[in-house]
Amino acid sequence: KKFCLDLTVVSVSKINDRYVLIKLTHNEELPQMEPGQFVEVRVDGSPTTFLRRPISINFVDRKNNQLWLLVATVGDGTHKMAQLKEGEILNCVLPLGKSFTMPQQPQEKYLLVGGGVGTAPMLYLGEQLKKMGCTPTFLLGARSQKDLLELEYFEPLGRLFVTTEDGTAGEKGFVTNHSILQNETFDRICVCGPTPMMKAVAQYARQNNIECEVSLENMMACGVGACLCCVEKTTEGNLCVCTDGPVFNIKQLLW
Ligand code: FES
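Residues numbered from 1 in each chain as written. Predicted model: local features only at pLDDT ≥ 70, side-chain atom pairs only at ≥ 80, totals over all residues. Heavy atoms only, no water.

A separate point is helix H5 (residues 195–207). Spanning 13 residues, H5 covers 18 Å between terminal C-alpha atoms, matching the ideal 18 Å at 1.5 Å per step. Where H5 is concerned, the buried positions are Met 197, Met 198, Val 201, Ala 202, Tyr 204 and Ala 205. Summarising the axial view, the buried residues of H5 lie within an arc of 160°, below the 170-degree limit, and thus occupy one face. Exposed residues pointing more than 90 degrees away from the buried face of H5 are listed as Pro 196 and Gln 207. Those residues of H5 hidden inside the fold are in contact with strand S8 (110–115), helix H4 (179–183), strand S12 (188–192) and strand S13 (211–215). Looking one or two residues past H5, Asn 209 carries a phi angle of roughly 60°, positive in sign. (Helix = DSSP H or I, 4+ residues; strand = E, 2+ residues; numbered from the N terminus. Expected span 1.5 Å × (residues − 1). Buried < 20%, exposed > 50% of the residue type's maximum accessible area, 1.4 Å probe, protein only. Arc of directions from axis to C-beta. Contact = heavy atoms within 4.5 Å.)

Okay, structure coming up:
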């Protein structure tokens with residue numbers, strides 16, 4: 001079930017020059033949301049037009065009844081979101097899309113790989129896994145140390161490894177070069193990040209026969225399967241990333 005809610009801004013904090021963390025709340029209990037799902041945020045333009053932007057669910061803080069959105073300020077809409085003030089209203093349609101597959105048994109070994117803003121859904125996924133008794137391993141990649149996001153929130157949830165392209169934190173290089181992939185094996189990998197990174201991780205998973213799900217970031221507009229601007233060609237034909245995804249098993253993809 002989807003809801004269209006006027007959420008209240010609790011805080012907007014700048015994480016670095018590109019990212020802000022927006023915490024939202026509601027006067028009623030927030031609906032059920034699964035890791036990997038997203039929300040469509042209404043960003044007002046002129047009085048007569050508005051657009052909705054898809055933003056993945058970064059975290060749901062049940063104790064404080066908060067929804068967290070990690071937003072990369074890349075265009076007009078997201079810049080407007082970054083300027084929101086405490087107490088202002090943000091209209092959101094939620095939850096949308098399919099989530100990551102959760103474990104059948106707590107012993108399952110999950111590797112959660114995030115790159116750039118693709119780190120966002122991994123926090124909520126990691127927390128939900130931990131709640132089920134399954135300790136996740138995180139592998140987060142970024143260009144440089146200052147681009148690594150929310151490490152302090154990831155740390156308590158499981159084992160945390162990082163890579164940076166310039167070697168300023170963790171191992172130098174890309175996530176796919178990290179030694180954890182050579183030294184350990186996993187039952188399932190969940191990935192979100194830039195497409196070349198997701199493709200490289202998918203290839204690793206294929207070669208090693210590991211179940212792997214990726215969260216695609218195709219252009220989206222309507223978010224509800226109506227405009228077809230998010231279509232991905234798959235082994236099952238053309239699928240809408242917004243309704244059939246954004247999470248896909250790599251077996252479905254023509255990568
Ligand atoms: Fe419109 Fe997916 S965003 S169909």
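If a strand is regular, its side chains alternate between the two faces of the sheet. The buried count for strand S6 (residues 66–72) comes to seven of seven residues, which makes it a mostly enclosed element. In this structure, strand S2 (residues 19–25) lies alongside S6, joined through seven bridges in antiparallel fashion. Bridging from a neighbouring strand, Thr 25 pairs with Gln 66 of S6. With three bridges joining them, strand S5 (residues 59–61) and S6 adopt antiparallel strand pairing. (Pairing = 2+ DSSP bridges.)

Under the criterion given, the structure shown has four aromatic pairs. Judged by centre distance (5.0 Å) and plane angle (55°), the rings of Phe 59 and Trp 68 are tilted. Of the residues examined, Phe 59 reaches a relative accessible area of 13% and is grouped as buried. Given a relative accessible area of 5%, Trp 68 falls into the buried group. What links up through ring pairs into an aromatic cluster is the set Phe 59, Trp 68, Tyr 124 and Tyr 153. Note that Lys 109 overlies the ring of Phe 186, its terminal NZ or CZ placed 4.9 Å from the centroid. (Phe/Tyr/Trp six-rings, centres within 6.5 Å; stacked < 30°, edge-to-face > 60°. Lys NZ or Arg CZ within 6 Å of the ring centre and 35° of its normal.)

Once that is clear, we can look at the environment of Asn 58. Tracing the sequence through the fold places Asn 58 in the loop between strand S4 (50–56) and S5. With a relative accessible area of 0%, Asn 58 lands in the buried category. Along the chain, Asn 58 and Phe 248 lie 190 residues apart, while their C-alpha atoms are 18 Å from each other. Ignoring any residue separated from it by four or fewer positions in sequence, one finds Asn 58 in contact with Leu 21, Trp 68, Leu 69, Leu 70, Ala 120, Leu 123, Tyr 124 and Glu 150.

So, about the nonpolar core. Leu 24, Val 41, Leu 67, Leu 69 and Met 81 are the most contacted members of the largest nonpolar core, which has 51 residues in total. Excluding its chain neighbours within four sequence positions, the residues that come into contact with Leu 67 are Leu 7, Ile 22, Lys 23, Leu 24, Leu 30, Met 33, Val 39, Ile 57, Phe 59, Val 60 and Leu 94. Counting 31 residues, the second largest nonpolar core, distinct from the first, contains Phe 38, Leu 96, Val 201 and Val 241. (Core = buried A, V, L, I, M, F, W, Y, C linked by side-chain atoms within 4.5 Å.)

The share of residues in the chain with pLDDT of 70 or more is 98%, and the mean pLDDT across the chain is 94. Here the predicted complex scores 0.95 on pTM and 0.98 on ipTM. (pLDDT = per-residue confidence, 0-100.)

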